[in-house]
Amino acid sequence: SAMDPSVSPPTESYYRTTAKGGGTAEFLADLVREYLAMGITVVGKTDAPDHATAELEVMSMLCAQEADAWESERLDLVSVATEKQARFLRRHLTVWFPTFKDHVLAANPGPLYRALVETTHAFLIHDADLTQAIRAGTSS
C-alpha cells in the first residue's frame with residue numbers, strides 16, 4: 001500500500017519538537033552546530049539536516065573515520081571515532097528512529113520499504129552495541 005509520507009515523515013524534529021515557539025528551528029540549528037563540531041560541513045545542504053538520509057550519511061562518515069583509524073592502527077583515533085558514533089546514536093538516531101519504524105510498519109508498507117526501515121533499525125542497534133564494546137576495549 002502506498003504510504004502517506006505526511007503521517008510519518010523521516011525527520012527527527014517531527015518526533016522530538018513542537019513547531020510552536022520555534023522549537024523545530026532551534027532543534028535544527030543545534031543539530032547543524034553538532035555536525036560542525038564533529039567536522040561535518042556537507043550534510044543538510046540539500047536535505048533537512050535531521051532527515052533520516054542526512055543523519056545516516058553522518059553515521060557513514062563517522063564509520064569511515066573509524067575505519068581509517070583502524071587501518072592506520074591509531075587506537076586513540078578509533079576511540080575518538082567510536083565516541084562520536086556512540087554519542088550521535090545516543091542523542092539522535094536511537095531516540096527517534098524506532099518510533100519512525102513503528103509508524104511505518106503500522107501503515108503496512110510494501111516489502112521494500114518495510115525491509116529498508118527494519119534493516120536500518122537493526123544497523124543502528126548493532127552499531128550502538130558495537131561502539132560500546134569497542135570503547136570498553138580501547139579505553140582499558
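It should be noted that the structure appears before, not after, this text.
First things first, this report covers the structure right here in the doc. Computed from a prediction, not measured in an experiment: that's the story for all the values here.

**A look at the overall build of the protein**
Now for step 1: Along its length, the protein carries 5 helices and 0 strands.
Now for step 2: Scanning the protein from its N terminus toward the C terminus, one meets helices and strands in the order α-α-α-α-α.
Now for step 3: When burial is assessed residue by residue, the protein has 34% of its 140 residues classed as buried.
Now for step 4: In the protein, the proportion of contacts linking residues at least 24 apart, taken out of those at least 6 apart, comes to 57%.
Now for step 5: As displayed, the protein offers around 7,800 Å² of accessible surface, 59% of which is attributable to carbon and sulfur atoms.
Now for step 6: Distance between charge centres in the protein, computed from 12 positive and 19 negative side chains, equals 6 Å.

**What to know about helix H4 (residues 75-106)**
Now for step 1: The sharpest bend along H4 measures roughly 50 degrees and falls at Leu 89.
Now for step 2: A positive backbone phi angle near 55 degrees is found at Asn 108, which sits one or two residues after H4.

**Section: the pattern of salt bridges**
Now for step 1: For the structure shown, the criterion picks out 8 salt bridges.
Now for step 2: Between Asp 76 and Arg 74 there is a salt bridge, with the nearest N and O atoms lying 2.7 Å from each other.
Now for step 3: On the accessibility criterion, Arg 74 (38% relative accessible area) is partly exposed.
Now for step 4: A single network of salt bridges, built from pairs that share partners, joins Glu 83, Arg 87 and Arg 135.

**A look at the environment of Gly 23**
Now for step 1: Tracing the chain through its elements places Gly 23 in helix H2 (residues 23-37).
Now for step 2: Given the relative accessible area of 22%, Gly 23 is considered partly exposed.
Now for step 3: Residues within four places of Gly 23 in sequence aside, it is in contact with Thr 17 and Thr 18.

**A few points about the environment of His 51**
Now for step 1: You can see His 51 is positioned in the loop between H2 and helix H3 (52-71).
Now for step 2: Note: C-alpha distance between His 51 and Leu 31 (20 residues apart in sequence) is 11 Å.
Now for step 3: Once residues within four sequence positions are removed from consideration, His 51 is found in contact with Pro 10 and Thr 11.
Now for step 4: A polar contact is formed between the side chain of His 51 and the side chain of Thr 53, at a distance of 2.9 Å.

How each quantity is defined
- Residues numbered from 1 in each chain as written.
- Predicted model: local features only at pLDDT ≥ 70, side-chain atom pairs only at ≥ 80, totals over all residues.
- Heavy atoms only, no water.
- Helix = DSSP H or I, 4+ residues; strand = E, 2+ residues; numbered from the N terminus.
- Buried < 20%, exposed > 50% of the residue type's maximum accessible area, 1.4 Å probe, protein only.
- Contact = heavy atoms within 4.5 Å.
- Areas by Shrake-Rupley, 256 points an atom, 1.4 Å probe, with all protein chains shown as cover.
- Lys, Arg positive; Asp, Glu negative; His and termini not counted.
- Charge placed at Lys NZ, Arg CZ, Asp CG, Glu CD.
- Bend = angle between axes of the 7 residues up to and from the residue.
- Salt bridge = Lys/Arg side-chain N within 4 Å of Asp/Glu carboxyl O.
- Polar contact = N/O pair within 3.5 Å; in protein donor to acceptor, adjacent residues only side chain to side chain.

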